[in-house]
Protein chains: 2
Amino acid sequence: MVERNTTRKSPRRTDALSRERITAAAVELLDAAGEGGLTFRALSERLATGPGAIYWHVANKSELLEAATDAVVAAALPAPVTPVAADECVELAKPEAPVRSPQDEIRAVALGLFTAIAEHPWLATQVTLQLSLGPAKPVPLRLFESLGRQVGALGVPQESWFTAASALMHYILGAAAQNASNARVAGSEVGRAEFLDAVSAAWEELDPDEYPFTRAVARQARDHDDREQFLAGIDLILAGTAAR
Amino acid sequence: MVERNTTRKSPRRTDALSRERITAAAVELLDAAGEGGLTFRALSERLATGPGAIYWHVANKSELLEAATDAVVAAALPAPVTPVAADECVELAKPEAPVRSPQDEIRAVALGLFTAIAEHPWLATQVTLQLSLGPAKPVPLRLFESLGRQVGALGVPQESWFTAASALMHYILGAAAQNASNARVAGSEVGRAEFLDAVSAAWEELDPDEYPFTRAVARQARDHDDREQFLAGIDLILAGTAAR
DNA sequence: ACCTGAACACCGTTCAAGT
DNA sequence: ACCTGAACACCGTTCAAGT
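Residues numbered from 1 in each chain as written. Chains lettered and ligands numbered in written order. Predicted model: local features only at pLDDT ≥ 70, side-chain atom pairs only at ≥ 80, totals over all residues. Heavy atoms only, no water.

### A closer look at the protein's contact with DNA strand C
Threshold: Put simply, a residue is near a molecule or strand once any heavy atom of it comes within 4 Å of that molecule or strand. We define a polar contact as two N or O atoms separated by no more than 3.5 Å, with the added condition that, inside protein, one atom must be a possible hydrogen donor and the other a possible acceptor, whereas residues neighbouring each other in sequence contribute only through side-chain atom pairs. Going along the chain from the N terminus, every DSSP run of H or I of four or more residues is numbered as a helix, and every run of E of two or more is numbered as a strand. Under this grouping Gly is polar, as are all residues other than the nonpolar Ala, Val, Leu, Ile, Met, Phe, Trp, Tyr, Cys and Pro and the charged Asp, Glu, Lys and Arg.
Around DNA strand C, 17 residues are found, and the nearest of them are Arg41(A), Lys61(A), Thr49(B), Gly52(B) and His57(B). Close to the protein, within 4 Å, the atoms of DNA strand C are drawn from sugar and phosphate at a rate of 49%. Contact between DNA strand C and Tyr55(A): a phosphate oxygen at 3.0 Å from a side-chain N or O atom of the residue. In this structure, a base oxygen belonging to DNA strand C sits 3.4 Å away from a main-chain N or O atom of Gly52(B). Every element with two or more residues in the surface near DNA strand C is listed here: α2 (40-46) and α3 (51-57) of chain A together with α3 (51-57) of chain B. Counting residues per element, the surface near DNA strand C draws most heavily on α3(B), at five residues. A per-class count over the surface near DNA strand C returns seven nonpolar, seven polar and three charged.

Structure (structure tokens):
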């Protein structure tokens, strides 16, 4: 891990290629130009190499996307926390750490992903893609574990753990993904308001016979606060798990 | 709509190109070879034309994917039904139609999409992509409307309609998408069992310190029935909406 | 109005060749 | 062991030209 730190006189090759540097550059490109912005050519230009060099560290593009997604999500999610009311593992590691209720811990995880997707809209597609590729991919795994631990501490009977944790995970990913569309269109607060107005207006112009419900909630859609709505959904699911 | 039906003697040009024929062929390609299988070249070969011809009927590839997704989902979802317990619109159109409770109607909608995604795994990505592109796309709109109508009939207070319908929609899309991964890998029942065994085994080999919860539910993951689990999640959310 | 098919720009990926 | 960069196969899309 320790590299000989030659006095920076010869600037060449301080910057050897590595999986980490490639991943970081990929995230920058994705943030700057969206999903279409990540290209092996653009990436190798940014890293001052040829396209082939990248393949020495990364197998292909989907592995690169997975690594980028994983890195951002890992940074966004709070480190998994042993729940306070767990039956086993009673000894708390660090008494000075702030202790949150399982409900609050779940909300913190949810908001962490929500915020990350708002800041990196390309995450929405990638995260749901990982989900659709199987439950063993890093992001679903991490999320499932973080949520599940708290679900256990909630007093949910063990045979419902899987169901409860899955419901939470799916809601979080879906709602956060939908919200990314706002972020994509609306960088500024003004743009956001305009976007919501447009959606609301479009909904109000729908055929009253075909879309009575959507029309009825069009105003709600315009006036809602994203985070508030998002957390309201979490609470709804938590209420469902508590309702036995 | 009516075409002159010349006696099939001259086989040429009975098959004029149309948006519908193109969409149908696109669905066939997607079903046969997955997302990578849909190509303007492959498509034009199947339709016995040049690639350029398709652009006369369809603006670009994403519009084509949207049309294919929309067509399959529309066929899979039961026609939106006016709920039985609605406050307005009391007159029932067809008394001989089987009347379902709002809960059952919601389950029917959910299962419709679940089955469609199981039969067309490529739908998973496309549907969640539409969701992440905004709430005005056809699929989210259709699903939201179908679910929302029943939510209203459930006795949910109006200010919670948006939250409840959204929670249901996100769960359904997420869970159905995850399930598509099973369908992708496992055409047969045998393959499916093997796949679940593999996931379960992978989960059981996770680091006990990092993934205690996921390890704990690994057996549940192997033995569960997909549809049962899926519906259990729906019922959990319904319980949450009823819990006020 | 609708179709043809060659052409363009660009992409992921490979690989012989270098150091 | 790691990097270079030309080359390959393939893709979405365009457009002058046809009917």
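Let us keep going from here.
### Focus on the interface of chain B and chain A
By a widely used convention, the size of an interface equals the accessible area lost when the partners come together. Threshold: The contact criterion used is simple: two residues touch if any of their non-hydrogen atoms lie within 4.5 Å. Two parts placed together each lose some accessible area; with a 1.4 Å probe, that loss summed over both constitutes the buried area. A side-chain nitrogen of Lys or Arg and a carboxyl oxygen of Asp or Glu constitute a salt bridge if their distance falls within 4 Å.
Contacts between the two partners involve 58 residues from chain B, matched on the other side by 58 residues from chain A. When the buried surface of chain B facing chain A is broken down by residue, Phe162(B), Phe213(B) and Leu236(B) rank first, second and third, together holding 15% of it. At the surface where chain B touches chain A, the tally comes to zero salt bridges. Counting across the interface, chain B meets chain A through ten residue pairs in polar contact (both at pLDDT 80 or more).

### Digging into the pattern of salt bridges
Residues and elements named next belong to chain A. What counts, and what does not: The classification of residues rests on relative accessible area computed with a 1.4 Å probe and restricted to protein chains. Under 20% of the type maximum is buried, over 50% is exposed, and intermediate values are partly exposed.
Scanning the entire structure with this criterion turns up 20 salt bridges over all chains. In this structure, the salt-bridge partner of Glu145 is Arg149, at a minimum N-O distance of 2.8 Å. Placement of the pair is Glu145 and Arg149 together in helix α7 (residues 138-153), with a separation of four residues, close to one helical turn. Exposure class is identical for Glu145 and Arg149. Each is buried. Salt bridges here are not isolated pairs; linked through shared partners, they connect Asp104, Arg107 and Asp235.

### What to know about the UniProt feature "DNA-binding region" (unreviewed entry) in chain A
The condition is simple: UniProt positions are given in the numbering used here, feature names are shortened, and annotations may be inferred rather than shown by experiment.
Per the UniProt record, "DNA-binding region" (unreviewed entry) is found at residues 39-58 of chain A. As a span, residues 39-58 of chain A carries 70% helix and 0% strand, and end to end its C-alpha atoms are 13 Å apart.

### Details of the environment of Phe213(B)
Secondary-structure assignment places Phe213(B) in helix α10 (residues 212-216). Along the chain, Phe213(B) and Tyr55(B) lie 158 residues apart, while their C-alpha atoms are 51 Å from each other. Those residues in contact with Phe213(B), other than ones at most four positions away along the chain, are Phe144(A), Glu145(A), Gly148(A), Arg149(A), Trp161(A) and Ala165(A).

### Some thoughts on the packing of helix α4 (residues 61-76) of chain B against helix α6 (residues 122-132) of chain B
Residue and element names in this part refer to chain B. Inclusion rule: To get an axis, fit a line to the C-alpha atoms, keeping to the stretch in contact for a helix; angles then go from 0 to 180 degrees between the N-to-C directions. An angle below 35 degrees is read as roughly parallel, one above 145 as roughly antiparallel, one from 65 to 115 as roughly perpendicular, and any other as oblique.
Closest axis-to-axis distance for the α4/α6 pair is 10 Å, and the angle between their directions is 105 degrees. Here α4 is positioned roughly perpendicular relative to α6, judged by the angle of their axes. Packed against α4, whose contacting residues are Leu65, Glu66, Ala68, Thr69, Val72 and Val73, the element α6 presents Trp122, Leu123, Gln126, Val127 and Gln130 at the interface.

### Concerning the protein's contact with DNA strand D
Not every one of the 17 residues close to DNA strand D is listed here, only the nearest: Thr49(A), Gly52(A), His57(A), Arg41(B) and Lys61(B). Among all atoms of DNA strand D positioned within 4 Å of the protein, those belonging to sugar or phosphate total 46%. Between DNA strand D and the protein, one listed contact pairs a phosphate oxygen with a backbone N or O atom of Leu17(A) at 3.2 Å. Among the elements of the structure, α3 of chain A together with α2 (40-46) and α3 of chain B are those that each provide at least two residues to the surface near DNA strand D. Considered class by class, the residues forming the surface near DNA strand D number seven nonpolar, seven polar and three charged.

### Focus: helix α1 (residues 19-33) of chain A
Residues and elements named next belong to chain A. Selection rule: To estimate how far a helix should extend, the number of its residues minus one is multiplied by 1.5 Å.
The end-to-end C-alpha separation of α1 is 21 Å, in line with the 21 Å expected for 15 residues at 1.5 Å each. Among all positions in α1, only Ile22, Thr23, Ala25, Ala26, Val27, Leu29 and Leu30 are buried. At its buried positions, α1 is contacted by α2, α3, α4 (61-76) and α6 (122-132). Just downstream of α1, Gly34 is the residue with a positive phi angle, here 75 degrees.

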